[in-house]
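# Report on the structure
Letter by letter, the chains look like this.
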Amino acid sequence: NVECQVLDMQDLGAVESASCDLVASAHAYPFSPDKPKALAEALRVLKPGGIFGAVVWVSFELLPFAGAIMASVTGTQPPPPPPGAPPPPPMSLAEPAVSDALLAEAGFELREGKQDTVSFTMAPELALRYCALPVWDRLTEMENSGELPDAWARYEAAWPRVAKAKGHLTDDGVYLASVRFSISGVYRVIVAKKPAA
């Protein structure tokens, strides 16, 4: 009894007002260009007393890892963000004061905001692809444009070196099969409620 639709979180016009018991999201709202509009839409489609749940990044080791690997691929350090620049989209709701204020302005009642550290451990073959997610489009663009025709080969060559230097790639020194990649993030689970009518 599940109906799937592809929708823009800033325009849930295909969903009837006050028709949902729950709106849930994992790492989506930080990427919304218009967060107040997206949250207003979530509130609109919830029934009175309906629950809104979202997971947002507070910190994530993958982002500094991606910066280090791109510096290795290109041979140049990325420039620091200008003073006062907003955080990058994945971290745009990292500060509880920001996310909580947006929810309150949209009309939600905050019920809970809980942080937890989550660690992932995976085989290096999978981790090689996983770590490329934040830089995938840029590597492909550099390769396809001719700016850096061997961008992907450079990434693959640099990956184990950067992973070891950052302390993510470990082994017990006995069996190759024991090599594992570990990375952590701090996440915040936010639960809010649409006020009862």
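In the block above lies the structure referred to throughout.
First, a word on scope: everything that follows refers to the structure included in this document. (Residues numbered from 1 in each chain as written. Predicted model: local features only at pLDDT ≥ 70, side-chain atom pairs only at ≥ 80, totals over all residues. Heavy atoms only, no water.)

What follows is about the nonpolar core. It is characteristic of soluble globular proteins that their nonpolar side chains tend to be buried jointly. Ranked by size, the top nonpolar core spans 31 residues in total, and within it F65, I69, C131, L139, Y155, W159 and F181 carry the most contacts. Within the residue set of this core, elements represented by two or more residues are β2 (46-60), α2 (62-74), α4 (124-130), α5 (136-145), α6 (151-165) and β5 (180-193). Here the element with the most residues in this core is α6; it accounts for seven residues. Setting aside residues up to four positions removed in sequence, F65 forms contacts with C131, W159, V162, A163, K166, H168 and F181. (Core = buried A, V, L, I, M, F, W, Y, C linked by side-chain atoms within 4.5 Å. Buried < 20%, exposed > 50% of the residue type's maximum accessible area, 1.4 Å probe, protein only. Helix = DSSP H or I, 4+ residues; strand = E, 2+ residues; numbered from the N terminus. Contact = heavy atoms within 4.5 Å.)

Counted under the stated rule, the structure contains seven salt bridges. The partner of D21 in a salt bridge is K47, with the nearest N and O atoms 3.3 Å apart. Of this pair, D21 sits in strand β1 (residues 20-26) while K47 sits in strand β2; the two residues are 26 residues apart in sequence, bridging distant segments of the chain. D21 gets classed as exposed once you look at its relative accessible area, which sits at 53%. (Salt bridge = Lys/Arg side-chain N within 4 Å of Asp/Glu carboxyl O.)

This part is about the environment of L128. Along the chain, L128 turns up in helix α4. Along the sequence, L128 and E156 sit 28 residues apart, while their C-alpha atoms lie 7.4 Å from each other.

Right, let's talk about the packing of aromatic side chains for a bit. Per the stated rule, a full pass over the model turns up 10 aromatic pairs. Centre to centre, the rings of Y29 and F52 are 5.3 Å apart; their planes meet at 70°, and the pair counts as edge-to-face. With Y29 in the loop between β1 and α1 (35-45) and F52 in strand β2, the pair connects residues that are 23 residues apart, well separated along the chain. Residue Y29 shares its accessibility class with F52, and that shared class is buried. (Phe/Tyr/Trp six-rings, centres within 6.5 Å; stacked < 30°, edge-to-face > 60°.)

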